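Observations on chain architecture
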Amino acid sequence: MAQVSDVADNQPPQTKTLRIARFNPEKDNEKQFVEFSVPVEKWTTVLETILDVKQHHDHSVAVRYSCRQATCGSCGMIINGKPRLACFTKVSELDSDVVTVEPMNNFPIIRDLAVKFERLFDTHHKIKPYLDREDTELESDAKEFLQSPEELEKYIQFANCIKCGLCNSACPTMATDSSFVGPQALAQAYRYVADSRDKGKDSRLKIIDDSHGIWRCHFAGSCSQVCPKGVDPAMGIQLLRGYMLGFRS
Amino acid sequence: MTQDEHKEGFKGMANPSRYGIERVAYWLMRLSGLGLLAYFVAHIYETSNILRGRVGWDDFLALTQTPEGHVGMGIVIAMCVFHTVNGIRVMLGHGGVGVGKPTRPDYPYDPASQNYRHKIGIYSAIILAAIAFMYGMAVMFGE
């Protein structure tokens, strides 16, 4: 602890420029960038710089956040051109004197950095994100559904999704197709199709077998590159398509 | 594309600079596909000139026997090779072949689907397209 304190004492905080996109759909026609000087330590996250602006410069900046530890998926935004979680991105790792934050692409803007998640939640709900079977393990006399570690490995990676929407923001198909289901929902469809306890594979595959469903994915892989939890939606989508093309059973 | 939707639009779809070689391959695939479609239409128009008789056909064919025409043909050859090789990679990937196996991810979360096999496939497609272009140039300008 003493060493950490010494380092902190010897290195005064740097000052960096934070450019925040301001936009109110009820009043503005286009985004405008406002610049602020913010103090930055080696460990300062982008979210902390935004909160510093709210505390010391302009409290009206709209931003959504909660857990500050990449668990809730609330603070997704475009940081220096790429979708990232603000709480999970250190300013020092951006290697730039100017940090530009904008609302996520492909999501309607509520105000400034806050976007609407309704469509993401709708498409997520559409693929039936739950175990689809007749019986239940919730009744008092029911047995729990057993599963081997090998069966768990088939989908556990995709259960890490925090619904932050970064994958949908990076997807080139989402950029032009308003009806596309999106990588988040498709990866979650795979998560349940690959779950040995689930019995709803056929109905789920039917839902995504649509002209704006799984066939609109062209395997650009941008979704996997921006995922902050290592979910790798591109892999899930291709494996899911393997089921539909008969490569997998 | 309304402001309400805040879609990134065609500019965002076509921007190949932010997401690595896989996004560049995605962009080149679209570009070469459209290029080959344009060539297909032009080719049908070109061959339809045979209806004008031998003189008309020879006159039109002479238009392609120029340095610009040769470079254009070289680009068509390159597009054809890239689209074929990268298309095989994408088709295999679409079937779930070579995209890795699900596993518990460890930070810093290197996505398994963007693995070296697919990167080799993309670079191979680009290199083979460049070689085909140069070979085509050598044949057409070496006459």
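All of these numbers come straight from a predicted model, not from anything done at the bench.

Some words on the overall build of chain B
Helix and strand counts for chain B come out as five helices and zero strands. Shown N-terminal to C-terminal, the secondary structure of chain B runs as helices and strands in the order α-α-α-α-α. Here chain B has a C-alpha radius of gyration of 20 Å; the compact-globule value for 143 residues is 15 Å, and the former is much larger. For chain B, with 143 residues in total, the buried portion stands at 24%.

Some words on the interface of chain A and chain B
Taken together, the 40 residues of chain A in the interface contact 32 residues of chain B. For the side of chain A that touches chain B, the secondary structure elements donating two or more residues are helix 9 (222–226) and helix 10 (233–245) of chain A. The element contributing the most residues to the side of chain A that touches chain B is helix 10 of chain A, with seven residues. Of the residues belonging to the side of chain A that touches chain B, the class tally is 19 nonpolar, 15 polar and six charged.

Structural notes on the environment of Val91(A)
Residues and elements named next belong to chain A. Among the structural elements, Val91 can be located in helix 3 (residues 91–94). In sequence terms Val91 and Leu18 are 73 residues apart; their C-alpha atoms lie 9.9 Å from each other. Not counting chain neighbours up to four residues away, the residues in contact with Val91 comprise Lys16, Val40, Thr44, Val46, Thr49 and Val99.

Thoughts on the confidence of the model for chain B
Here chain B shows a mean pLDDT of 91. Residues at 70 or above account for 97%. We note a pTM of 0.90 for the whole complex and an ipTM of 0.87 for its interfaces.

Some details on the pairing of strand 1 (residues 14–22) of chain A
Put simply, side chains in a regular strand alternate between the two faces of the sheet. Residue and element names in this part refer to chain A. Judged from the nine bridges that link them, strand 1 and strand 2 (residues 32–40) form a sheet pairing that is antiparallel. Residue pairing across strands places Leu18 opposite Phe36, the latter belonging to strand 2. Sheet analysis places strand 1 next to strand 5 (residues 98–102), joined by four bridges and oriented parallel. Its bridge partner lying in strand 5, Arg19 is registered against Thr100.

Re the domain arrangement of chain A
All names here are of chain A. Per the domain assignment, the segments making up chain A are domain 1 (6–115) and domain 2 (118–245). Between domain 1 and domain 2, the contact holds 14 residues from the first and 12 residues from the second. Examining the composition of the side of domain 1 that touches domain 2, we find that four residues originate from one element, strand 4 (residues 82–85), more than from any other.

Thoughts on unusual backbone geometry
Note the cis peptide between Tyr107(B) and Pro108(B), where omega equals 10°. Examined against the element boundaries, Pro108(B) turns out to sit in the loop between helix 4 (67–94) and helix 5 (116–141). Phi at Arg68(A) is positive, roughly 65°, even though this residue is not glycine. Mapped onto the elements, Arg68(A) comes out in the loop between helix 2 (46–56) and strand 3 (76–79). Not every positive phi belongs to a glycine, and Lys163(A) is a case in point at roughly 55°. In this fold, Lys163(A) is placed in the loop between helix 5 (149–153) and helix 6 (166–170).

Things to note about the nonpolar core
The nonpolar side chains of a soluble globular protein tend to be buried, and buried together. Residue and element names in this part refer to chain A. Ala86, Val101, Leu186, Ala189, Tyr190 and Leu240 are the most contacted members of the largest nonpolar core, which has 81 residues in total. A total of seven residues in this core trace back to one element, the largest contributor, which is helix 7 (residues 183–193). Each of domain 1 (6–115) and domain 2 (118–245) contributes no fewer than three residues to this core. Leave out the neighbours within four places in its chain, and Ala189 touches Ile127, Arg204, Ile208 and Leu240.

Considering the sheet that holds strand 4 of chain A
Working definition: the strands of a sheet are paired by backbone hydrogen bonds and lie parallel or antiparallel to each other. Residue and element names in this part refer to chain A. The strand order across the open sheet formed by five strands is 2-1-5-3-4, and the pairing between neighbours is mixed. For this open sheet the edge positions go to strand 2 and strand 4, each flanked by a neighbour on one side alone. Averaged over all neighbouring strand pairs, the angle between strand axes comes to 35°, with direction disregarded. As defined by bridge partners, strand 3 adjoins strand 5 across two bridges and the pair is classed as antiparallel. Residue pairing in the sheet places Ile79 in a bridge with Val101 of strand 5. Lying on the sheet, helix 2 is in contact with strand 1, strand 2, strand 3 and strand 5; it crosses strand 2 at an angle near 105°.

Some remarks on the environment of Tyr135(B)
Within the secondary structure layout, Tyr135(B) lies in helix 5. With 58 residues separating them in the primary sequence, Tyr135(B) and Ile77(B) have C-alpha atoms 9.6 Å apart.

The rules we used
- Residues numbered from 1 in each chain as written.
- Chains lettered and ligands numbered in written order.
- Predicted model: local features only at pLDDT ≥ 70, side-chain atom pairs only at ≥ 80, totals over all residues.
- Helix = DSSP H or I, 4+ residues; strand = E, 2+ residues; numbered from the N terminus.
- Rg over C-alpha atoms; globule rule 2.2 N^0.38 Å.
- Buried ≥ 20, exposed ≤ 12 C-beta atoms within 10 Å, placed from the backbone.
- Contact = placed C-beta atoms within 7 Å.
- Nonpolar A, V, L, I, M, F, W, Y, C, P; charged D, E, K, R; others polar.
- pLDDT = per-residue confidence, 0-100.
- Pairing = 2+ DSSP bridges.
- Domains from an automatic or database assignment.
- Core = buried A, V, L, I, M, F, W, Y, C linked by C-beta atoms within 7 Å.
- Axes fitted to C-alpha atoms, helices over the stretch in contact; angles between N-to-C directions.

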